[in-house]
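For reference, the chains in residue letters:
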Amino acid sequence: MTVITHPRRKSNLARMIDSAGGVSVGVALAQARANIEALRARALTVVDAQITALEALPAPTGPEDAPARLDEAYRAATALIDAAGPFELLDLCRGAAGLCDLIGAVDPGEPFDWRIVTVHARSLRLLQKLPPEAAAERERILESLREVIERKLPQVG
C-alpha cells in the first residue's frame, strides 16, 4: 500500500479545467453557426465561380492537353465542395464529388469523354438554381449523374 506523506497540489492546468468560465457548449455552437452564416454569401460566390469555371473549360485539343484540362476540372470541383460543404449544400457536393471520382479514375493513357464534364457543369448549375423545396427535381438530377458515373466509371474513356 502507498502512503502519501505530503498534500498533493493541483496543477495549473487542472485548476483551469475545473474553474468556471468560458462559454457553454450551446452558446459556443450558436456563435459558431453565426460565424459560418456570415461567410455564406462569400461561399456562394465561390460556388458560382467554380461552376462557371467548369462551364467555360474547353475540351482538350489533344492527348497532350487532356491532363491539364482534367486537372483544372478536378480543382474546380473540389473548390466547389470546399465552399459548399460547410453550408450543407449536399446536392452540389454530391454532384461535384461524382465528377471528381470520374476524373480520379482516369487512366492517363486513355482518352476521356469530355461530355462528362459538360453534363456535370450543367447539372451543378441547375442544382444551384433550383429552390430548396424542389427535392424531387434535385433527386432526379443526382440520379441521372449517378447513372453517368455507373456507366462511365468502369470504362472511363
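Quick look at the structure, then. Just so we're clear, the structure is a prediction, and the values are computed from it rather than from any experiment.

### Comments concerning the nonpolar core
Here's step 1: In terms of nonpolar packing, the biggest core is built from 35 residues, with Leu54, Leu80, Leu92 and Phe112 touching the most fellow members.
Here's step 2: Put simply, the parts of the chain that give this core at least two residues each are α3 (40–56), α4 (66–84), α5 (90–104), α6 (115–129) and α7 (135–152).
Here's step 3: The residues touching Leu54, leaving out its near neighbours within four places in the chain, are Ala73, Ala76, Leu99, Val117, Ala121 and Leu124.

### As for the packing of α5 against α7
Here's step 1: Interhelical geometry of α5 versus α7 gives an angle of 10 degrees and a closest axis separation of 10 Å. Classed by the angle they form, the pair α5 and α7 counts as roughly parallel. Mapping the contact onto sequence places Asp91, Arg94, Gly95, Gly98 and Leu102 in α5 and Arg138, Glu139, Leu142, Leu145, Arg146, Val148, Ile149 and Lys152 in α7.
Here's step 2: Here the residues of the contact of α5 with α7 are counted per class, giving five nonpolar, two polar and six charged.

Criteria and thresholds
- Residues numbered from 1 in each chain as written.
- Predicted model: local features only at pLDDT ≥ 70, side-chain atom pairs only at ≥ 80, totals over all residues.
- Heavy atoms only, no water.
- Core = buried A, V, L, I, M, F, W, Y, C linked by side-chain atoms within 4.5 Å.
- Buried < 20%, exposed > 50% of the residue type's maximum accessible area, 1.4 Å probe, protein only.
- Helix = DSSP H or I, 4+ residues; strand = E, 2+ residues; numbered from the N terminus.
- Contact = heavy atoms within 4.5 Å.
- Axes fitted to C-alpha atoms, helices over the stretch in contact; angles between N-to-C directions.
- Parallel < 35°, antiparallel > 145°, perpendicular 65-115°, else oblique.
- Nonpolar A, V, L, I, M, F, W, Y, C, P; charged D, E, K, R; others polar.

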